[in-house]
Amino acid sequence: MATALHHLTDTGSQAVPSAAGMKFAIAVSEWNSPITGALLEGALQTLKAHGARGEDILVKSVPGSFELTFAAKRFMDYGGVDAVIALGCVIRGDTPHFDYVCMGVTQGIARLNAEGTIPVIYGLVTTNTLEQAQERAGGKLGNKGSECAVTAIKMVDFAWSLHK
Ligand code: INI
């Protein structure tokens, strides 16, 4: 969550490791595509800025955020990927649907992280308004996709550090 203490462009207290040689898969939701497109752009730019090669980043779209868990699981099973980044945007409407979609994706991705072998990075923007989403997709609060890219790099580095 972007707060006064944490802007989405903050990369944390530890230096960002080089992403050279790391392989990433990104699942991005078509719902609210102006937002998720900006999240994808932020993620790609940041991965490459830290040394990832374009050919080491696999990008696939899914219809909605609820499908992100399935996509992440399939990327895991597919293999050859060091981390998955799941990007979506859910904006609160007039019905409880928002809550169910958010809950489903959040629990799905949490479960993959607990039980899987590679990190799945949680890039779900959940807001009350479109304006709040825009603020987190390259607006005044930064870009959640970019934040997720830094997290993915750090988590791959973490996983690799235990194998050396
Ligand atoms: N999917 C989103 O990614 N964002 C939304 O805001 C949203 N809303 O509001 O309904 C949404 N719904 C679709 C859902 O993710 C699934 O694609 C659908 O239920 C089919 O499984």
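Going by the structure above, here's the rest.
Report on the accompanying structure. (Residues numbered from 1 in each chain as written. Predicted model: local features only at pLDDT ≥ 70, side-chain atom pairs only at ≥ 80, totals over all residues. Heavy atoms only, no water.)

With respect to topology, four strands assemble into an open sheet ordered S2-S1-S3-S4, the strand pairing being parallel. Across the chains shown, the open sheet's two edge strands, defined by having one partner strand only, are strand S2 (57-62) and strand S4 (120-127). Neighbour to neighbour, the strand axes of the sheet diverge by 15° on average, direction disregarded. As judged from the eight bridges shared by strand S3 (residues 83-91) and S4, these two strands associate in the parallel manner. Bridge pairing links Ile-85 to Ile-121 in S4. Running at roughly 165° to S4, helix H3 (residues 97-115) makes contact with S3 and S4 of the sheet. (Pairing = 2+ DSSP bridges. Helix = DSSP H or I, 4+ residues; strand = E, 2+ residues; numbered from the N terminus. Axes fitted to C-alpha atoms, helices over the stretch in contact; angles between N-to-C directions. Contact = heavy atoms within 4.5 Å.)

All right, on to the packing of helix H2 (residues 68-78) against H3 then. As a packed pair, H2 and H3 sit with axes 8 Å apart at the nearest point and diverge in direction by 20°. Between H2 and H3, the angle falls in the class roughly parallel. Crossing handedness for the pair H2 and H3: right-handed. Contacts between H2 and H3 involve Leu-68, Thr-69, Ala-72, Lys-73 and Met-76 on the former and, on the latter, Gly-104, Val-105, Gly-108, Ile-109 and Leu-112. Its residues placed into classes, the contact of H2 with H3 shows six nonpolar, three polar and one charged. (Parallel < 35°, antiparallel > 145°, perpendicular 65-115°, else oblique. Left-handed = near helix turned anticlockwise from the far one by under 90°. Nonpolar A, V, L, I, M, F, W, Y, C, P; charged D, E, K, R; others polar.)

Right, let's get into the pairing of strand S1 (residues 24-29). Of all six residues in S1, six are buried, a share of seventy percent or more. Neither face of S1 is open: one carries Phe-24, Ile-26 and Val-28, the other Ala-25, Ala-27 and Ser-29, and all of them are buried. Inspection of the sheet shows S1 paired to S2 by six bridges, in the parallel sense. The residue bridging Phe-24 from the neighbouring strand is Ile-57, located in S2. This β-α-β element, S1 to helix H1 (residues 33-49) to S2, shows right-handed connectivity. Bridge count between S1 and S3: five bridges; the pairing is parallel. Residue pairing in the sheet places Ala-27 in a bridge with Ala-86 of S3. (Buried < 20%, exposed > 50% of the residue type's maximum accessible area, 1.4 Å probe, protein only. Right-handed = clockwise from strand over helix to strand, strands pointing away.)

Attention now goes to the state of the cysteines. Under the criterion given, the structure shown has zero disulfides. Take Cys-89: it sits in no disulfide, and the sulfur closest to it among the cysteines is that of Cys-102, at 9.3 Å. (Disulfide = S-S within 2.5 Å.)

These figures capture arrangement, not role.
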